[in-house]
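The chain contents come next:
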Amino acid sequence: MRGVAPMINLYLSGRSLAAARSVDPQVSPAAGPAAGEVAIVEQLREGAGWAVEQIPARADRIARGD
């Protein structure tokens, strides 16, 4: 399905919202999922040219915080 963007749904936990509000007390609950969606799209664009074998290694690095 080339050219069709996948649907991405994110839900902001109370903990995530509290963390965002510790930086900016006025942050909207909608800001967290929007920022997450942008981050995912950026990762998808970055990985678009990767070989299939590279993806699990990258996911492991992200999970470790590298």
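Reading the values: rules and limits
Residues numbered from 1 in each chain as written. Predicted model: local features only at pLDDT ≥ 70, side-chain atom pairs only at ≥ 80, totals over all residues. Heavy atoms only, no water. Helix = DSSP H or I, 4+ residues; strand = E, 2+ residues; numbered from the N terminus. Buried < 20%, exposed > 50% of the residue type's maximum accessible area, 1.4 Å probe, protein only. Contact = heavy atoms within 4.5 Å. Polar contact = N/O pair within 3.5 Å; in protein donor to acceptor, adjacent residues only side chain to side chain. Salt bridge = Lys/Arg side-chain N within 4 Å of Asp/Glu carboxyl O. pLDDT = per-residue confidence, 0-100.

1. Some remarks on the overall build of the chain
Reasoning step 1: Of the regular secondary structure elements, the chain holds 3 helices and 0 strands.
Reasoning step 2: Traced from its N-terminal end to its C-terminal end, the chain shows the element sequence α-α-α.
Reasoning step 3: When each of the 66 residues of the chain is scored for burial, the buried share is 11%.

2. What to know about the side chain of Arg-58
Reasoning step 1: Structurally, Arg-58 can be placed in helix H3 (residues 54-64).
Reasoning step 2: Judged by its relative accessible area of 18%, Arg-58 is buried.
Reasoning step 3: With residues near it in sequence (within four places) discarded, Arg-58 still touches Gln-43, Glu-46 and Trp-50.

3. Details of the environment of Arg-21
Reasoning step 1: Examined against the element boundaries, Arg-21 turns out to sit in helix H1 (residues 14-23).
Reasoning step 2: For Arg-21, the side chain forms a polar contact with the main-chain oxygen of Val-27, separated by 3.2 Å.

4. Quick look at the pattern of salt bridges
Reasoning step 1: Enumeration over the complete set of coordinates arrives at 1 salt bridge.
Reasoning step 2: We note a salt bridge from Arg-58 to Glu-46, for which the minimum N-O separation is 4.0 Å. Residue Arg-58 is located in helix H3, and its partner Glu-46 is located in helix H2 (residues 31-47); the two are separated by 12 residues in the primary sequence.

5. Digging into the confidence of the model for the chain
Reasoning step 1: Overall, the prediction assigns the chain a mean pLDDT of 78, with 82% of residues at 70 or greater.
Reasoning step 2: Here H2 stands out as the least confident element of the chain, with mean pLDDT 78; H3 is the most confident, with 85.

6. Brief notes about the environment of Ala-20
Reasoning step 1: Tracing the backbone shows Ala-20 in helix H1.
Reasoning step 2: Note on Ala-20: relative accessible area 28%, which makes it partly exposed.
Reasoning step 3: Separated by 11 residues in the primary sequence, Ala-20 and Ala-31 place their C-alpha atoms 9.0 Å from one another.

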